[in-house]
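Residue-level structure breakdown
In case you want the letters, here they are:
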Amino acid sequence: SKTITTEELDIARKCLSHRGPDDSGLTENSEYLVGLTQTRLSIQELSKAGHQPMRSDDGNAVLVFNGEIYNFRELRAELELEGVQFRGNSDTEVLLNLYQAQGAEILSRLNGIFSFAIWDEVEKKLFLARDALGVKPLYYAALEDRFVFASEIKALTPLMPVLGNLDEEALDRYMTYLWCPGDGTPSQLIRKLLPGQAMWVKAGQIERSWKWYRLPIARVKTKARFSTE
């Protein structure tokens, strides 16, 4: 949104500096009023080849990613057979190239823990997703004039004109369980992307939200027994 400044994004990024002390970055698209910022803990790729936000070679996609893709080497080998060339050795770069090749269908192919957002320059949309079990957090607020997201609530506060009223039900759940089940948070305006959930955002509004993964339900089959006695 044009109402969010570079300075506000930088403040939000600094709120997350403890999550990634090795590197940080900011990218903006003034034409479509999009800003992405990231702090990075270098694990898979220690060089600048793993810098985020990561932009694709053709400039059509930008990724911010928190987590780890365990099967990224297998996915990378498949992409290399299709002619994709890589600059580094990060799972981030594999995730970005896989999205460009397969779009939202990539979710069923990922083995790992993650929350990420990809700005698609072609579709003019933001794609967000969270891992199947919700290990990595992702909070968002869909407001009238903007859509904001972050891995911690406190990073959203510099980007929101108001924080909204308290969600008393969510607060009661937190005090009872020491965490808040469901998508609620202490603020009525801030929600959690649920485990195994994905979302498309266009022009600052949620276009589609869906569950890409559901826990399998164990079904015990029993044989009917009949007696003639």
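Throughout what follows, the structure given in this document is the object of discussion. (Residues numbered from 1 in each chain as written. Predicted model: local features only at pLDDT ≥ 70, side-chain atom pairs only at ≥ 80, totals over all residues. Heavy atoms only, no water.)

**Digging into the packing of aromatic side chains**
To keep it simple, the criterion reads: Centres within 6.5 Å make a pair out of two Phe, Tyr or Trp rings, where for Trp the six-membered ring is used; the pair is then stacked when the planes are under 30 degrees apart, edge-to-face when over 60, and tilted otherwise. Helix and strand assignments follow DSSP, with helices taken as H or I runs no shorter than four residues and strands as E runs no shorter than two, numbered in order from the N terminus. Per-residue accessibility, obtained with a 1.4 Å probe over protein chains only, is compared with the maximum for each type, and a residue is labelled buried under 20%, exposed over 50%, and partly exposed between these values. Criterion for a charge above a ring: Lys NZ or Arg CZ within 6 Å of the ring centre, and within 35 degrees of the ring normal.
One pass over the structure, following the stated rule, counts 8 aromatic pairs. Judged by centre distance (6.2 Å) and plane angle (20°), the rings of Phe114 and Trp212 are stacked. Of the two residues, Phe114 sits in strand E5 (residues 112–120) while Trp212 sits in the segment after strand E11 (205–211), which places them 98 residues apart along the sequence. For the pair Phe114 and Trp212, a shared accessibility class is recorded, and that class is buried. Through pairs of rings, three or more aromatic residues link up here, namely Tyr99, Phe114, Phe116, Phe127, Trp200, Trp210, Trp212 and Tyr213. Over the aromatic face of Trp210 sits the side chain of Arg208, whose NZ or CZ is 3.9 Å from the ring centroid.

**Quick look at helix H3 (residues 91–102)**
Note on helix geometry: an α-helix contains 3.6 residues per turn, so any two residues three or four positions apart are oriented the same way. Condition: Here, expected helix span is obtained from the residue count minus one, scaled by 1.5 Å. Residues are treated as being in contact if the distance between any of their heavy atoms lies within 4.5 Å.
Its 12 residues give H3 an end-to-end C-alpha distance of 16 Å, which sits within 8% of 16 Å, the value for a rise of 1.5 Å per residue. With 9 of 12 residues buried, H3 is to be regarded as a mostly interior element. Among all positions in H3, only Asp91, Thr92, Glu93, Val94, Leu95, Leu96, Asn97, Leu98 and Tyr99 are buried. The inward-facing, buried residues of H3 contact strand E3 (54–55), strand E4 (61–69), helix H2 (72–81), E5, strand E6 (125–130) and strand E10 (197–202). Directly after H3, the chain includes Gly103, whose backbone phi takes a positive value near 65°.

**Some thoughts on the packing of H2 against H3**
Our working rule: Between N-to-C directions, angles span 0 to 180 degrees; the directions come from axes that are lines fitted to C-alpha atoms, helices contributing only their stretch in contact. We call two directions roughly parallel when the angle between them is under 35 degrees, roughly antiparallel when it is over 145, roughly perpendicular when it lies between 65 and 115, and oblique otherwise. Less than a right angle of anticlockwise turn of the near helix away from the far helix marks a crossing as left-handed, whereas a clockwise turn marks it as right-handed.
Closest axis-to-axis distance for the H2/H3 pair is 10 Å, and the angle between their directions is 50°. Considered as vectors, H2 and H3 are oriented oblique to each other. Classified by chirality, the crossing of H3 by H2 is left-handed. Here Phe72, Leu75, Arg76 and Leu79 of H2 come into contact with H3, specifically with Asp91, Val94, Asn97, Leu98 and Ala101.

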